[in-house]
Amino acid sequence: MKKIQTLAILLAAGALLAGCVAVPYDSGRPPPPRAERDRDRDGVPNRVDRDRDGDGVPNRYDRRPNDPRR
């Protein structure tokens, strides 16, 4: 009888803990360092990119250089 009670407690604890398992959703590669980020993914880091958002307007003439919709 004691084995059945122990088994029931272990199963109940396992059911409670099953919802607490964290699943990593990772792409498999670490994020790039902050200085090397590339907002428009053209291969040129933002710090030296003349058109950071890729909208065709150079940053110095673009009113919003980080927003490709404007």
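Structure first, text after, so check above.
To keep things clear, this report deals only with the structure shown in the data block.

Definitions and cut-offs
Here the residue numbers are simple positions, counted from 1 along each chain's written sequence. In keeping with the model being predicted, local features are shown solely for residues with a pLDDT of at least 70 and side-chain atom pairs are shown and tallied solely at 80 or more, while totals for entire chains, interfaces and linings include all residues. Processing note: side-chain calculations cover all non-hydrogen atoms of the structure and skip hydrogens and water entirely. Helix and strand assignments come from DSSP, with helices taken as H or I runs of at least 4 residues and strands as E runs of at least 2, each series counted from the N terminus. Three exposure classes are used, based on accessible area relative to the maximum for each residue type with a 1.4 Å probe and protein chains only: buried under 20%, partly exposed in between, and exposed over 50%. Contact criterion: two residues are considered in contact whenever any of their non-hydrogen atoms come within 4.5 Å of each other. Residue burial considers only the protein chains on display, and all accessible areas are found by Shrake-Rupley using a 1.4 Å probe. Positive residues here are Lys and Arg, negative ones are Asp and Glu, while His and the chain termini are left out of the count. A pairing counts as a salt bridge when a side-chain nitrogen of Lys or Arg comes within 4 Å of a carboxyl oxygen of Asp or Glu. Here a polar contact is recorded for every N or O atom pair within 3.5 Å, except that within protein the pair must consist of a potential hydrogen donor and a potential acceptor, and residues adjacent in sequence are included only if both atoms are side-chain atoms.

1. Brief notes about the overall build of the protein
And then number 1: On a plain count of helices and strands, the protein comes out with one helix and zero strands.
And then number 2: A total of 70 residues make up the protein; the buried ones form 11% of that total.
And then number 3: Within the protein, residue pairs in contact and separated by at least 24 positions form 3% of the contacts whose partners lie at least 6 positions apart.
And then number 4: Counting every atom, the protein has about 6,700 Å² of accessible surface; 57% of that belongs to carbon and sulfur.

2. So, the side chain of D51
And then number 1: Summarising the element assignment, D51 is placed in the segment after α1 (2-18).
And then number 2: Look at D51: it is buried, it has no salt bridge, and the nearest opposite charge is R52 at 7.9 Å.
And then number 3: There is a polar contact of 3.3 Å between the side chain of D51 and the backbone nitrogen of D55.
And then number 4: Excluding residues within four positions of it along the chain, D51 makes contact with D40, G56, V57 and N59.

3. Points about the environment of R69
And then number 1: Topologically, R69 is positioned in the segment after α1.
And then number 2: The class of R69 is exposed, set by a relative accessible area of 76%.
And then number 3: Along the sequence, R69 and D55 sit 14 residues apart, while their C-alpha atoms lie 7.5 Å from each other.

4. Structural notes on the environment of D49
And then number 1: Residue position: D49 is located in the segment after α1.
And then number 2: Residue D49 is classed as buried on the basis of its relative accessible area, which comes to 9%.
And then number 3: Between the alpha carbons of D49 and D38 there is a distance of 8.4 Å; along the sequence they are eleven residues apart.
And then number 4: Once you skip the residues sitting within four places of it in the chain, D49 turns out to touch D38, D40, D42, V44 and N59.

5. Re the environment of D40
And then number 1: Structurally, the position occupied by D40 is in the segment after α1.
And then number 2: Sequence separation between D40 and D51 is eleven residues; the distance between their C-alpha atoms is 8.5 Å.
And then number 3: Setting aside residues no more than four positions away along its own chain, D40 makes contact with D49, D51, R52, D53 and G54.

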